[in-house]
Each structure stands twice: as structure tokens, then as C-alpha cells.
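A look at the structure
Listed below are the residues making up each chain.
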Amino acid sequence: MPFREINSKMVEAQVVPGQRMFSQRGAMLAYRGDVTFTPNITGGQGGVMSMIGRRVAGEATPLMTVEGNGTVMFGHGGHHIQVIRLTGDTLFVEADRLLAFDGTLEQGTMFMGSQGGVMGMVRGQVTGQGLFTTTLKGHGAVAVMAHGGVIELPITPGRAVHVDPQAYVAHHGDVRNKLSTALGWRDMVGRGSGEAFQLELSGSGAVYVQASEEKL
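Residues numbered from 1 in each chain as written. Predicted model: local features only at pLDDT ≥ 70, side-chain atom pairs only at ≥ 80, totals over all residues. Heavy atoms only, no water.

**Here we look at the overall build of the protein**
The number of helices and strands found in the protein is two helices and 13 strands. The buried share of the protein, reckoned over its 216 residues, is 50%. Here the contacts in the protein between residues at least 6 apart in sequence split such that 80% fall between residues at least 24 apart. A total accessible area of about 9,700 Å² is found for the protein, and carbon and sulfur atoms account for 54% of it. (Helix = DSSP H or I, 4+ residues; strand = E, 2+ residues; numbered from the N terminus. Buried < 20%, exposed > 50% of the residue type's maximum accessible area, 1.4 Å probe, protein only. Contact = heavy atoms within 4.5 Å. Areas by Shrake-Rupley, 256 points an atom, 1.4 Å probe, with all protein chains shown as cover.)

Structure below.
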């Protein structure tokens, strides 16, 4: 159920009988055809544990199940929308950045500390984002939201990418993340946005970075 980008802030998706998709509540802008929108209390294909993870992380924004036969246009808050297509790998993304995604994707929750150790936990405190990150795995498309546009940076073996934690949107592939202090990289006194830290991503995949550090 691929998304068609109408412009930088709106996407359109075809909904067909027998298939479903999930969207953030309030993301539907308009639709044509016979389409229904119902609250989803189990958090997509991740089931109850996925929803529990979202609640623990303070990310209990309910999803809407979208079904029927028609076309739906999505957007939210005037945010920039980036469409990411998965071909069997896993996407890591903050739950509040999800606009809509294919129902074929399996949803889960990952504790950031499991990859970043203690510093992974610090990331949640510094950025104001949850210690849990939503995961989407399989074949399908995901529409995520960001501020000021998004750039995709490839991550290749031996060439780690360093990202300001608040500019981070999502990543996919076989990637490890580690948060470290970056004294001397930027002035700690700065704008107080966690610039004394940097998120290091290594392995093989890609990371999506937004142009603005503003939170959603």
C-alpha cells in the first residue's frame, strides 16, 4: 500500500479491501471512497506488549486502524513528511513521529538502553524523547514526520555517522547506536538542546536527520 507524496507535507495512500494500515490520530486530512477509521488499542501488529511499551515510554498516542476501499490523504501539524520504504529490514523511529504505515509491518518496542547502555538511557533524558523506540519490520512503507525537511545519510561499515540527538528522526538497517559526550564539538552553554552529546550510528544502513531540532 505505497504512499504517494502530494507535496512535502501531505501524502496519499490507496486503501483496498482485505488490507489495512495504521495512522496517528488526527492525521487524516481527507478521503474518497468507503473508508473507516477506528481506534486501535493493541498498537498494531505488535499486540498488547507493543502498547505497553508505548505507555511506559509516554508514547500512548492511540493509532487508528484504516480499512475499506478508497484513497486517504494524510498530514499532521504542517510537519514535513518523509516516506521510507522497507524491504525486510527494521525501522527504528520515535512513536510520535509516525504519521501512517502499512498494516503488513510488524510493530514492536525497543529499549534504547539495550543498544546504548547507560548512555542510551542518558539520550532519553537529554533529548526529552522516550527511552523506548518504536520498531517497524517487514515489507511496506512508512510515513514519518519531521521539522524543516529530512535528509537520508547512508551508514556504511567503517564510516560511522554522528548526529545531534534532537535532529535524529529514524534509522534502519544493521545499525548500532551509541550516545557519547562531545565536549569541544559544540559549546555546552549553547542553546541547551543537548548539543554537548552526539549520537553515533555505525554498521550498515541509513539514518534520517531533520533540519530543525524543534520537538514535535
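Continuing now.
**Some details on the nonpolar core**
In terms of nonpolar packing, the biggest core is built from 17 residues, with F3, V11, M21, V66, F74 and L99 touching the most fellow members. Every element with two or more residues in this core is listed here: β2 (10-15), β5 (63-74), β6 (80-93), β7 (98-102) and β9 (132-146). If sequence neighbours within four positions are ignored, L99 has contacts with V11, F22, S23, Q24, A27, F74, G75, H76, I81, A143, V144 and M145. Residues L63, I84, L91 and L105 belong to the second largest nonpolar core, which totals 16 residues. (Core = buried A, V, L, I, M, F, W, Y, C linked by side-chain atoms within 4.5 Å.)

**Side note on the environment of A160**
With respect to the element layout, A160 can be found in the loop between β10 (150-155) and β11 (161-163). Along the backbone, A160 and V175 are 15 residues apart, and their C-alpha atoms lie at a distance of 9.6 Å. In contact with A160, not counting residues within four places along its chain, are E200, L201 and S202.

**Things to note about the pattern of salt bridges**
Following the criterion strictly, the structure yields two salt bridges and no others. A salt bridge links R4 to E12; its shortest N-O distance comes to 3.2 Å. Taking the relative accessible area as the measure of exposure, E12 reaches 10% and is therefore buried. A salt bridge links R32 to E12, with the nearest nitrogen and oxygen atoms 3.3 Å apart. With R32 in strand β4 (residues 28-40) and E12 in strand β2, this pair connects stretches of sequence that are 20 residues apart. (Salt bridge = Lys/Arg side-chain N within 4 Å of Asp/Glu carboxyl O.)

**Some words on the side chain of H172**
By the element assignment, H172 lies in strand β12 (residues 168-181). Here D89 takes part through its side chain, which lies 2.8 Å from a polar atom of the side chain of H172. (Polar contact = N/O pair within 3.5 Å; in protein donor to acceptor, adjacent residues only side chain to side chain.)

**Structural notes on the packing of aromatic side chains**
All told, the structure shown has two aromatic pairs when counted by the stated rule. Judged by centre distance (5.5 Å) and plane angle (35 degrees), the rings of F22 and F101 are tilted. Of the two residues, F22 is situated in strand β3 (residues 20-24) and F101 in strand β7; the sequence distance between them amounts to 79 residues. The exposure classification of F22 matches that of F101, with both residues buried. (Phe/Tyr/Trp six-rings, centres within 6.5 Å; stacked < 30°, edge-to-face > 60°.)

**Regarding the environment of E94**
If you trace the backbone, E94 turns up in the loop between β6 and β7. Along the primary structure E94 and T135 are separated by 41 residues, whereas in three dimensions their C-alpha atoms are 8.5 Å apart.

**So, the pairing of β7**
A regular strand places its side chains so that they alternate between the two faces of the sheet. Counting buried residues along β7, five of its five residues qualify, which places the element largely inside the surrounding structure. With three bridges joining them, β3 and β7 adopt antiparallel strand pairing. For F22, the partnering residue across the bridge sits in β7 and is F101. (Pairing = 2+ DSSP bridges.)

**Some details on the environment of P62**
With respect to the helices and strands, P62 occurs in the loop between α1 (47-56) and β5. Residues P62 and P39 lie 23 residues apart in sequence; the distance between their C-alpha atoms is 6.7 Å. Residues contacting P62, with those up to four places away along its chain left out, are S23, Q24 and R25.

**Observations concerning the confidence of the model for the protein**
Close inspection of predicted coordinates is inappropriate for parts of the model with low pLDDT. Per-residue confidence for the protein averages 79 on the pLDDT scale, and 70% of its residues sit at or above 70. The element-level mean pLDDT for the protein is lowest in α1, coming to 44, with β2 highest at 96. Per-residue pLDDT stays below 50 along residues 44-59; that stretch engages in 40 contacts with residues further than four places along the chain or on separate chains. (pLDDT = per-residue confidence, 0-100.)

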